[in-house]
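Next come the chains, spelled out residue by residue.
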Amino acid sequence: MNVKDAIENRRAYRVLTEIKITEEIIDELGKAAQLMPSCFNKQPWRFVFVYEDSQLDRMKNEALSEKNLSWANKASMIIAVFSKKDLDCVIKDREYYLFDTGMAVASIILRATEMGLVAHPIAGYSPKKVREVLNIPSEYNVINLIIVGKKDPVIPDYFDNYQVEREKNRPQRKPLKEFVFHNTFSS
Ligand SMILES: Cc1cc2nc3c(=O)[nH]c(=O)nc-3n(C[C@H](O)[C@H](O)[C@H](O)COP(=O)(O)O)c2cc1C
């Protein structure tokens, strides 16, 4: 799959079926993050790949919001994404750790897509619980969880209308002219 196809095929699908998580999968996703650019090559991103049953159950039942648990209970792996400001450049009011970690996550998601996986980022979780379950010190910012599984084509009865619609169709995007400007900004 080329990059364009990975970008086009990536979706935040919610209907997931189980897959076996192997060391190879984790290495491939780790490598996708490893090669991304970062300010002064500081590589501020940190990831915990959670796939062992008891830890995965704790993440699901203790850390996820109720709405996210309703579909992410089928996740085969949850990747916790975390970092902190002093791991990366701070140039006046510009703090680069979120930007650089976000780029690494984008690369993980596209590589996962290429590998035939769903990698769905979420913000609906308790960072405090994530830190507790994964033993992450409080100075780290838990920026995102990535829910990983394989797409299941059969939408379950308990999905609400919003979830069914999102599963079938990609949510609409802004037209390019709203965020792409040629040569000068115009608001
Ligand atoms: C930072 C971030 C937070 C998100 N949080 C959630 C979430 O808590 N629950 C959820 O179901 N989807 C979540 N999503 C997925 C978005 O809803 C989804 O990417 C968006 O609607 C566009 O759909 P698409 O990714 O299928 O194109 C999140 C995505 C991002 C990047």
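Structure: see above.
Residues numbered from 1 in each chain as written. Predicted model: local features only at pLDDT ≥ 70, side-chain atom pairs only at ≥ 80, totals over all residues. Heavy atoms only, no water.

(A) Up close: the pairing of strand β7 (residues 141-151). Note that strand β1 (residues 16-17) and β7 share two bridges and pair antiparallel. Along β7, the bridge assignment pairs Thr17 with Lys150. The pairing of strand β3 (residues 77-83) with β7 spans seven bridges and is antiparallel. Its bridge partner lying in β7, Val81 is registered against Asn144. Note that strand β6 (residues 118-122) and β7 share five bridges and pair antiparallel. The residue bridging Pro121 from the neighbouring strand is Ile146, located in β7. (Pairing = 2+ DSSP bridges. Helix = DSSP H or I, 4+ residues; strand = E, 2+ residues; numbered from the N terminus.)

(B) Representation of the state of the cysteines. Inspection of every chain in the model, using the stated rule, returns one disulfide. Shown here is the disulfide that connects Cys39 with Cys89, its sulfur atoms set 2.0 Å apart. Taking the torsion about the S-S bond as the criterion, the Cys39 to Cys89 disulfide, at about -100°, is left-handed. You can see Cys39 sitting in the loop between α2 (23-34) and β2 (46-50) and its partner Cys89 sitting in the loop between β3 and β4 (90-91), a full 50 residues away along the chain. Take Cys39 and Cys89: they sit in the same class, and that class is buried. (Disulfide = S-S within 2.5 Å. Buried < 20%, exposed > 50% of the residue type's maximum accessible area, 1.4 Å probe, protein only.)

(C) Examining the site of the ligand more closely. Looking at the ligand, there are 16 residues lining it, with Arg10, Arg11, Arg14, Asn68 and His120 nearest. Measuring from an oxygen atom of the ligand, one finds a side-chain N or O atom of Arg11 at 2.6 Å. Gly124 is positioned such that a nitrogen or oxygen atom in its backbone is 3.1 Å from an oxygen atom of the ligand. For the shell around the ligand, the secondary-structure elements that each account for two or more residues are α4 (66-72) and β6. Tallying contributions element by element places β6 first for the shell around the ligand, with three residues. Partitioning the shell around the ligand into residue classes produces six nonpolar, four polar and six charged. (Near = heavy atom within 4 Å. Polar contact = N/O pair within 3.5 Å; in protein donor to acceptor, adjacent residues only side chain to side chain. Nonpolar A, V, L, I, M, F, W, Y, C, P; charged D, E, K, R; others polar.)

(D) The arrangement of the side chain of Arg11 in detail. Tracing the chain through its elements places Arg11 in the loop between α1 (3-9) and β1. A distance of 2.4 Å separates the side chain of Arg11 from the backbone oxygen of Arg166, its partner in a polar contact. Leave out the neighbours within four places in its chain, and Arg11 touches Val118, Arg166, Glu167, Asn169, Arg170 and Pro171. (Contact = heavy atoms within 4.5 Å.)

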